[in-house]
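One letter stands for each residue in the lines below.
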Amino acid sequence: MAGDDGGLSTFDERLLQGVFARVWRHLGEMDDSSKPVTNSPGPEQLRAKLNLAIDREGVDIETMLADIDGYLEEAVKTSHPNFMQPLWGGTSVPAFAGEIITALTNTSMYTFEMAPVASLIEDEIIDTMSTLAGFEAGEGTFTTGGSNGNLLGLLCARDRKLPDSRREGLSGKQLVAFVSEEAHYSVEMAANVLGVGLNNLIMIECDPGGRLLPDMLAEAIAAEKRAGKQPFCVIATSGTTVRGAFDPLHEIADICHDEHLWLHVDASWGGAALLSPKTRSLLKGIERADSIAWDPHKMMGIQIICSVFLVRDKGTLRRVCRHGESGHYLLHESSTEIDLGRMSLQCARRVDAVKLWLAWRALGHEGFARRIERYLELSEILEARVREHPQLEMASEREFANVCMRFIGFGLSEAVADSVTDRIRDEILLRGRFMVTKARLDGRPIIRPVITNPLVDEAVLESLLKEIVEVGNDLST
Ligand SMILES: Cc1ncc(COP(=O)(O)O)c(C=O)c1O
């Protein structure tokens with residue numbers, strides 16, 4: 001809204017001043033653990049409290065700032081040290097600065113001429129991450145998330161198996177892909193979207209730690225071939241969603257090599273372990289993958305969305321993302337090499353590389369390594385505290401920052417303990433002091449805090465266990 005002198009209007013100026021004052025306040029309160037993480041109101045309660053309607057005339061500045069206050073007040077405090085629910089959390093201020101400057105300069109990643117510096121930064125980041133993964137001449141792109149990265153992985157695999165499928169579709173061919181039974185649900189979504197079909201996504205049994213069993217994989221591939229189907233891809237997971245398990249990549253890569261199958265690694269969660277020499281062995285063998293999905297918006301703490309898809313052989317993405325010449329108005333022949341829009345399934349695409357680049361510049365490789373090591377050190381401490389606690393037990397071995405536990409109380413039957421465990425996290429959510437996940441493992445309920453927030457420390461973990469046990473005891477009486 002231009003003012004009379006052509007600059008910002010008074011409304012715009014007051015709005016931005018008001019917003020930046022709130023930014024300082026919000027960031028300043030980030031580590032205040034006396035404040036609730038969530039007010040956890042239901043939708044009806046929230047709707048009654050807020051005025052969300054778009055009126056015929058625009059609102060005044062006071063109303064708009066009150067709207068923003070209403071939003072901030074009810075927002076889940078995802079930077080709060082007691083926020084340990086999803087596989088992300090915390091605020092990277094350099095990445096936030098990146099969000100501000102990319103929103104300020106609003107552009108799209110499709111062409112170099114539209115996003116000159118951002119294109120070079122994206123190249124630099126893709127090279128850096130490819131090198132960390134052990135891809136010597138790889139390429140990659142930023143995507144809308146690990147889900148989309150998994151879709152792209154399957155698409156590349158389909159292209160290798162059936163090079164004509166980009167034009168001809170599946171033409172009645174029954175492709176089958178293989179994935180661990182503990183893989184993320186986005187793989188099913190990808191099988192659906194690509195026309196592979198859910199029934200052609202074969203779930204492979206895992207060991208008790210949640211890692212895909214290579215022998216079972218080999219057997220399943222043989223069985224599908226006997227049934228006349230065409231295996232084309234194995235999706236391994238490095239860092240499963242619930243347990244944080246890492247599939248054995250070397251053994252899986254051996255099978256893929258012998259069977260000529262594409263190996264896609266979903267490292268959306270566990271990819272960050274590549275950042276430290278002390279943790280990267282969790283992904284040993286990743287350099288043998290054909291493609292990788294890796295979410296910096298998870299353990300690297302970059303604001304959502306920030307997700308990378310890497311592929312080992314240059315040229316793959318340009319081939320699978322080529323959809324004829326009808327985009328001549330955007331993607332010109334003269335800039336074929338430099339326009340990143342040719343390697344993406346998106347047209348308009350957010351600038352997501354800049355915030356990651358700023359965060360990485362600020363921390364350096366060593367800073368990121370120390371951060372990941374600290375998360376794993378804290379996870380180990382939490383695991384030890386659970387193991388020594390008489391009223392808690394670990395629900396699974398721990399490999400990463402996922403600490404899966406159950407409340408067992410004193411002398412409760414398994415059925416009662418399970419029912420209490422199932423209700424603990426909902427009660428915790430209502431109290432609003434902590435946020436953790438509830439899930440199921442081996443058919444039984446678990447509570448799963450995740451350590452991936454720089455503000456979490458030993459004291460926070462102690463108070464979380466105290467809360468879990470207190471609520472568990474209340475629910476068992
Ligand atoms: C192992 C794994 N893969 C993929 C995804 C999907 O990632 P996104 O939410 O970025 O699409 C998740 C999300 O938690 C995940 O845990």
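It should be emphasised that the depicted structure is a prediction, and the values quoted were computed from it without experimental measurement.

1. A few points about empty space enclosed by the protein
Empty space among the atoms can be located by rolling a probe the size of a water molecule over them.
For step 1, the next point in the chain: All told, the structure shown has one cavity of 30 Å³ or more when counted by the stated rule.
For step 2, the next point in the chain: The space that makes up the largest cavity amounts to roughly 30 Å³.
For step 3, the next point in the chain: Forming the walls of the largest cavity are Leu155, Arg158, Asp159, Ser165, Arg166 and Val320.
For step 4, the next point in the chain: Elements that contribute at least two residues to the lining of the largest cavity include exactly helix H6 (146-161) and helix H7 (165-168).
For step 5, the next point in the chain: Of all the elements, H6 adds the most residues to the lining of the largest cavity, at three residues.

2. Notes on the site of the ligand
For step 1, the next point in the chain: Around the ligand sit 14 residues, and of these Gly146, Ser147, Thr241, Asp266 and Asp295 come closest.
For step 2, the next point in the chain: At a separation of 2.6 Å, a nitrogen atom of the ligand approaches a polar side-chain atom of aspartate 266.
For step 3, the next point in the chain: Between the ligand and lysine 298 there is a distance of 2.9 Å, counted from an oxygen atom to a side-chain nitrogen or oxygen.
For step 4, the next point in the chain: In isolation the ligand exposes 390 Å². Once the protein is present, 83% of that is buried.
For step 5, the next point in the chain: In terms of residues, the shell around the ligand owes the most to one element, H6, which gives three residues.
For step 6, the next point in the chain: The class makeup of the residues in the shell around the ligand is one nonpolar, ten polar and three charged.

3. Re helix H1 (residues 10-28)
For step 1, the next point in the chain: With 19 residues, H1 extends 27 Å from end C-alpha to end C-alpha; this agrees with the ideal 27 Å at 1.5 Å per step.
For step 2, the next point in the chain: When H1 is considered as a whole, its buried residues turn out to be Asp12, Leu15, Gly18, Arg22 and Val23. In a view along the axis of H1, the buried residues occupy a sector of 145°, so they form one face of it. Facing away from the buried side of H1 by more than 90 degrees, the exposed set consists of Thr10, Gln17, Trp24 and Gly28.

4. Quick word on the pattern of salt bridges
For step 1, the next point in the chain: Under the definition given, this model contains 41 salt bridges.
For step 2, the next point in the chain: The salt bridge partner of arginine 14 is glutamate 62, with a shortest N-O separation of 2.8 Å. Residue arginine 14 is located in helix H1, and its partner glutamate 62 is located in helix H3 (residues 61-74); the two are separated by 48 residues in the primary sequence.
For step 3, the next point in the chain: Judged by relative accessible area, arginine 14 falls into the partly exposed class, the value being 38%.
For step 4, the next point in the chain: Classification of glutamate 62 by relative accessible area gives partly exposed; the value is 48%.
For step 5, the next point in the chain: Ionic pairing is found between aspartate 69 and arginine 22, a salt bridge with its closest N-O pair at 2.6 Å. With aspartate 69 in helix H3 and arginine 22 in helix H1, the pair connects residues that are 47 residues apart, well separated along the chain.
For step 6, the next point in the chain: We classify aspartate 69 as partly exposed; its relative accessible area is 24%.
For step 7, the next point in the chain: Exposure remark for arginine 22: the relative accessible area of 15% places this residue in the buried category.

5. With respect to the sheet that holds strand E2 (residues 175-180)
For step 1, the next point in the chain: Here seven strands make up an open sheet; going across it, the order is E1-E7-E6-E5-E4-E2-E3 and the pairing mixed. Edge strands, defined here as strands with exactly one partner in the open sheet, are strand E1 (139-143) and strand E3 (201-204). Across the sheet, the mean angle separating the axes of adjacent strands is 20° when strand polarity is ignored.
For step 2, the next point in the chain: Across four bridges, strand E6 (residues 291-294) lies against strand E7 (residues 307-311) in antiparallel orientation. Within E7, the position partnered with serine 291 by the bridge is valine 311.
For step 3, the next point in the chain: Where H6 meets the sheet, it contacts E1, E2, strand E4 (230-237), strand E5 (262-266), E6 and E7, and its direction lies at approximately 150° from that of E4.

6. Observations concerning helix H4 (residues 93-104)
For step 1, the next point in the chain: Compared with an ideal rise of 1.5 Å per residue, which puts twelve residues at 16 Å, H4 spans 16 Å between its outermost C-alpha atoms and is within 8% of the ideal.
For step 2, the next point in the chain: Within the sequence span of H4, burial applies to Ala95, Gly98, Glu99 and Thr102. Axial view of H4: buried residues confined to an arc of 100°, hence all on one face.
For step 3, the next point in the chain: Between a side-chain oxygen at the N-terminus of H4 and the backbone nitrogen of alanine 95 the separation is 3.1 Å; the capping residue is serine 92.

7. Some details on the domain arrangement of the protein
Frequently, the measure chosen for interface size is the accessible area removed from exposure when the parts meet.
For step 1, the next point in the chain: Per the domain assignment, the segments making up the protein are domain 1 (10-30 + 39-75), domain 2 (108-350) and domain 3 (364-476).
For step 2, the next point in the chain: Centre-to-centre separation of domain 1 and domain 3, based on C-alpha positions: 34 Å.

8. What about the packing of aromatic side chains?
For step 1, the next point in the chain: One pass over the full model with this rule turns up four aromatic pairs.
For step 2, the next point in the chain: Aromatic pair phenylalanine 83 and tryptophan 88: ring centres 5.5 Å apart, planes at 50°, arrangement tilted.
For step 3, the next point in the chain: Taking relative accessible area as the criterion, phenylalanine 83 reaches 4% and is therefore assigned buried.
For step 4, the next point in the chain: Judged by relative accessible area, tryptophan 88 falls into the partly exposed class, the value being 28%.
For step 5, the next point in the chain: When the ring of tryptophan 360 is compared with that of phenylalanine 368, the centres are 5.7 Å apart and the planes differ by 85°; the resulting orientation is edge-to-face.
For step 6, the next point in the chain: Look at phenylalanine 368 and you get buried, because its relative accessible area is 0%.
For step 7, the next point in the chain: Taken together, Phe246, Trp269 and Phe400 form an aromatic cluster joined through their ring pairs.

9. Section: unusual backbone geometry
Excluding glycine, a negative phi dihedral is what most residues carry, and trans is how most peptide bonds are arranged.
For step 1, the next point in the chain: Omega for the bond connecting isoleucine 304 with isoleucine 305 falls within 30 degrees of zero, at 0°, which places this linkage in the cis form.
For step 2, the next point in the chain: Its identity is not glycine, yet serine 171 carries a phi of approximately 45°, on the positive side.
For step 3, the next point in the chain: Note that serine 171 resides in the loop between H7 and E2.
For step 4, the next point in the chain: For histidine 260, which is not glycine, the phi torsion reads 55° and is therefore positive.
For step 5, the next point in the chain: On the accessibility criterion, histidine 260 (64% relative accessible area) is exposed.

10. As for the pairing of E4
For step 1, the next point in the chain: Summarising burial for E4: seven of the eight residues are buried, a large majority.
For step 2, the next point in the chain: Of the strand pairs in this sheet, E2 and E4 are connected by five bridges, and their pairing is parallel. Its bridge partner lying in E4, alanine 177 is registered against cysteine 233.
For step 3, the next point in the chain: Where E4 and E5 come together, five bridges link them in parallel fashion. Note that in E5 the partner of cysteine 233 across the bridge is tryptophan 262.
For step 4, the next point in the chain: Viewed along the sheet, the connection from E4 through helix H10 (residues 249-259) into E5 turns out right-handed.

Basis of the calculations
- Residues numbered from 1 in each chain as written.
- Predicted model: local features only at pLDDT ≥ 70, side-chain atom pairs only at ≥ 80, totals over all residues.
- Heavy atoms only, no water.
- 1 Å grid on protein atoms, 1.4 Å probe; cavity = no way out; pocket = protein on both sides within 12 Å on 5 of 7 lines; lining within 4 Å.
- Points joined across faces, edges and corners; volume = space filled by probe spheres on them.
- Helix = DSSP H or I, 4+ residues; strand = E, 2+ residues; numbered from the N terminus.
- Near = heavy atom within 4 Å.
- Polar contact = N/O pair within 3.5 Å; in protein donor to acceptor, adjacent residues only side chain to side chain.
- Areas by Shrake-Rupley, 256 points an atom, 1.4 Å probe, with all protein chains shown as cover.
- Nonpolar A, V, L, I, M, F, W, Y, C, P; charged D, E, K, R; others polar.
- Expected span 1.5 Å × (residues − 1).
- Buried < 20%, exposed > 50% of the residue type's maximum accessible area, 1.4 Å probe, protein only.
- Arc of directions from axis to C-beta.
- Salt bridge = Lys/Arg side-chain N within 4 Å of Asp/Glu carboxyl O.
- Pairing = 2+ DSSP bridges.
- Axes fitted to C-alpha atoms, helices over the stretch in contact; angles between N-to-C directions.
- Contact = heavy atoms within 4.5 Å.
- Domains from an automatic or database assignment.
- Phe/Tyr/Trp six-rings, centres within 6.5 Å; stacked < 30°, edge-to-face > 60°.
- Right-handed = clockwise from strand over helix to strand, strands pointing away.

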